[in-house]
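Listed below, chain by chain, are the residues.
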Amino acid sequence: MNFIVCIKQVPGTTEVKINPRTNTLIREGVESIVNPFDTYAIEEGLRLKERMGGKVTVISMGPPQAESALREALSMGCDEAVLVTDPAFAGSDTLATSYTLACGIGKIGEFDLVICGKQAIDGDTAQVGPGIAEKLEIPAVTYVKKIEEINEGLVRVERMMEEGYEVIEMGLPALITVVKEINEPRLPSLKGMMRARKAKIQIWNASDIACEKTRIGQPGSPTIVNRIFTPPPRKGGEMLLGDPEEQAQKLVEKLRQAKVI
Amino acid sequence: MGIEIIEDKCSGCSLCVKYCPFGLIKIVSREEVGRPHPKYKKIAVIGQGCNLCGACLEPCSFQAILIEREEAKPLADISQYKGVWVFAEQKKGEIQGVVYELIGEGRKLADQLGEKLSCVLLGEGMDEKAKELIAYGADRVYQIEGSILREFQDDPYTDVLTDLIEKEKPEIVLMGATAIGRSFASRVAARLGTGLTADCTELAIDLEKRQLLQTRPAFGGNIMATITTPHSRPQMATVRHKVFKKAIRQGNHQGDVVKESVEGKHLSLRTKLLNMVEDITQTVKLADADIIVSGGRGLGGPENFHIIEALARTLGGAVGASRAAVDAGWMPYSHQVGQTGRTVCPKIYIACGISGAIQHLVGMQSSEIIVAINKDPNAPIFKVATYGIEGDLFQVVPALTKTLKEVLG
């Protein structure tokens, strides 16, 4: 079976700190990482391949430096990697990104299942996965926490919801987005890293993937960012002193004054 | 189209560098890049990957950054789109809480625009609920009935809603940023080719341009972005729970119900919902909870979570957990609050024995009141806490439960 995993390179947020004075992000020395949710997608692709046989192709849209994210996926064991990159993609919103990735997946060829992380940790939209499915005209299930069964024509998954989970079955080809609970991603092996270093990454631009120029980048993006600002910092907290009983009483008093209990 | 550093103006001061959310701006020597200047020795350069977000414009004191956006041709028929719609998500025939919040906010937007507020209700046997939506302030309810619509499924729901939007042409469509809403809205927007903004926490109208100003957190809430959909309609947004006030039920509000049936119509259905399994460990849903009591590493083990549960029960709240507690296997993943878990914004969030790593903070820092109970006075959680209690949670939490029981009866 052919599995395609979509990944995004994002700033490594573990190192994101907020400057308490200006309340802005301190980004100096922040390295780029594979979006954490996408590592679960990679792992699931690899597990499915180990179970079913076949191939895992990883694809990313981004600037040339996103190549390092793809190499990381290769070092975990993905078979092939594709980077869709073109200055014409600048300013893409989720719709243009979904379209572009769908075009890239179209060029990869036949596939059974596309796997995405539930969302990227920089944009937090969770819109690109279902958007790709719509553009590819295939069914999709989001927030998958377990693949119960998969065979040549069908997949049965558990989808995490607010009050529990749903068991859903759908025909292939299809797309899923996965949550953290689905697996524990492996670390790259030494052999994998050696192989990834030498591996050739396919680099495709806008004309390679035969996309319509009006549907990519900023012209293909119906939404625009008007303004970016940092939220006002939370007001400094008040420490409640005393022994535990006194602290508890003070807190209850405060909560009652605020009319929240 | 694109972003440009105006050579004459840039002093290479590096102010913009730290404002770029993507870390793409570098300061280089002008000599090296062959752009000499009589006064300035350095210049900013912007690496590939810029999405023209504009965060760098404001901090630049020299007006040396220029962003040009290609003005898309305004679509001729944009003015045909009128009115505000709310998708009335139902589960097992019950309207979800966030819908009433959307009606409250949608009512304001519709009034500002001088247009109608409508709800779209898909399901089976929903007559009574349609009337309820009107009582809460909808001017019209599109009630689409059919056995295939009884539970949410992407395909038939997408078919029905896109058809209805194409026919009736609303200018704004709002949905709850629920598990269903976030995937469903994306499908619909992609099929219509219109703009969608995820997980908004603030909505406003620019009356002059007749545009919806959609504000949402990004980077885990560390920055806010205001997004518009200038040239396509409808303007679609998913909206976070608990951000807007619920509409108030007014028995005398008048409205009409446009009822249609899809029985016999061809709708696609490529997924099959086999079963719904309720999470028995969640007596109160995290997403809906007004009060959340969360436990972290400080609890020391799963056997101690009962004190968190007792406090939550006394307050009628939900139980949350930090990633550390979930990874250690003390609580199921469905309770995890934070970047890789759920984002919550209750009225009261009580963090017990949670140090407050940034990944946890981004999942709860928009809560109205944050209470932190921790024995380490330097724990970062105290920096975001409205009320901080330095102390042993094994003493403070039971004392709090006891006091609350006395006060609340």
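All values derive from a computational prediction rather than experimental measurement.

## Examining the environment of B:Ser11
All names here are of chain B.
Next up, step 1: Tracing the backbone through its elements, the reader meets Ser 11 in the loop between strand 1 (2–5) and strand 2 (25–29).
Next up, step 2: In this structure, the C-alpha to C-alpha distance between Ser 11 and Ser 61, residues 50 residues apart in sequence, is 9.6 Å.
Next up, step 3: When near neighbours in sequence (up to four residues on either side) are disregarded, Ser 11 contacts Tyr 40 and Phe 62.

## Structural notes on the pairing of strand 14 (residues 223–228) of chain B
Next up, step 1: In this sheet, strand 14 of chain B lies alongside strand 14 (residues 224–229) of chain A in antiparallel orientation, the contact comprising 5 bridges. Among the inter-strand pairings, A:Val225 is bridged to a residue of strand 14 of chain B, identified as B:Ile227.
Next up, step 2: Summarising the sheet, strand 13 (residues 211–218) of chain B and strand 14 of chain B pair through 5 bridges and their orientation is antiparallel. Note on strand 14 of chain B: the bridge partner recorded for B:Thr215 is B:Thr226.

## Here we look at the confidence of the model for chain B
In low-pLDDT segments, the atomic positions of the prediction should not be examined closely.
Next up, step 1: On average, residues of chain B carry a pLDDT of 92, and 98% of them reach 70 or more.
Next up, step 2: Among the scores for the predicted complex, ipTM is 0.91 and pTM is 0.87.

## With respect to the sheet that holds strand 14 of chain B
Next up, step 1: Spatial ordering of the open sheet is given by 14(A)-14(B)-13(B)-12(B), a layout of 4 strands whose pairing is antiparallel. Among the strands making up the open sheet, the edge pair consists of strand 14 of chain A together with strand 12 (202–206) of chain B. On average, adjacent strands in this sheet sit at an angle of 25° to one another, irrespective of strand direction.

## Describing the packing of helix 3 (residues 94–108) of chain A against helix 4 (residues 128–136) of chain A
Residue and element names in this part refer to chain A.
Next up, step 1: Their axes nearest at 8 Å, the elements helix 3 and helix 4 cross at an angle of 55°. The orientation of helix 3 relative to helix 4 falls into the category oblique. For the pair helix 3 and helix 4, the crossing hand works out as right-handed. Here Thr 94, Leu 95, Thr 97, Ser 98, Tyr 99, Leu 101, Ala 102 and Ile 105 of helix 3 come into contact with helix 4, specifically with Val 128, Gly 131, Ile 132, Lys 135 and Leu 136.
Next up, step 2: Along the lines of polarity and charge, the residues of the contact of helix 3 with helix 4 split into 8 nonpolar, 4 polar and 1 charged.

## Structural notes on the interface of chain A and chain B
Next up, step 1: Counting residues at the interface gives 81 residues for chain A and 91 residues for chain B.
Next up, step 2: When residues of the side of chain A that touches chain B are assigned to their parent elements, the largest contribution, 9 residues, is made by helix 6 (residues 244–257) of chain A.
Next up, step 3: Where strand 11 (residues 164–171) of chain A and strand 17 (residues 271–278) of chain B come together, 7 bridges link them in antiparallel fashion. Paired with A:Tyr165 across the bridge in strand 17 of chain B is B:Val277.

## Re the sheet that holds strand 9 (residues 140–145) of chain B
All names here are of chain B.
Next up, step 1: The sheet built from 7 strands is open, its strands ordered 11-15-10-5-8-9-16 with parallel pairing. Every interior strand has two partners, whereas the edge strands, strand 11 (196–200) and strand 16 (256–261), have only one. Geometrically, the sheet is characterised by an average inter-axis angle of 20° between neighbouring strands, direction not taken into account.
Next up, step 2: Pairing geometry for strand 9 and strand 16, over 6 bridges, is parallel. Bridge pairing in strand 16 places Ile 144 opposite Glu 260.
Next up, step 3: On the sheet, helix 2 (residues 97–113) packs against strand 5 (84–87), strand 8 (117–123), strand 10 (172–176) and strand 15 (235–239) and is oriented at approximately 180° with respect to strand 5.

Cut-offs used in this document
Counting from 1, residues in each chain are numbered in the order their sequence is written. Here the convention is simple: chains get letters from A, ligands get numbers from 1, in the order in which they are written. Only residues with pLDDT of at least 70 are given local features in this predicted model, and only at 80 or more are side-chain atom pairs given and counted; all residues enter the totals for whole chains, interfaces and linings. Under the DSSP-based scheme used, a helix requires at least four consecutive residues in state H or I and a strand at least two consecutive residues in state E, with every element numbered from the N terminus. The contact criterion used is a C-beta to C-beta distance within 7 Å, with each C-beta placed from the backbone. In short, DSSP must find at least two bridges between two strands for them to pair. Predictor confidence is given residue by residue as pLDDT, running from a minimum of 0 to a maximum of 100. Helix axes are fitted only over the stretch in contact, all axes being lines through C-alpha atoms; the angle between N-to-C directions runs from 0 to 180 degrees. An angle below 35 degrees is read as roughly parallel, one above 145 as roughly antiparallel, one from 65 to 115 as roughly perpendicular, and any other as oblique. Less than a right angle of anticlockwise turn of the near helix away from the far helix marks a crossing as left-handed, whereas a clockwise turn marks it as right-handed. In the scheme used here, Gly and all other residues not listed as nonpolar or charged are polar, with Ala, Val, Leu, Ile, Met, Phe, Trp, Tyr, Cys and Pro taken as nonpolar and Asp, Glu, Lys and Arg as charged.

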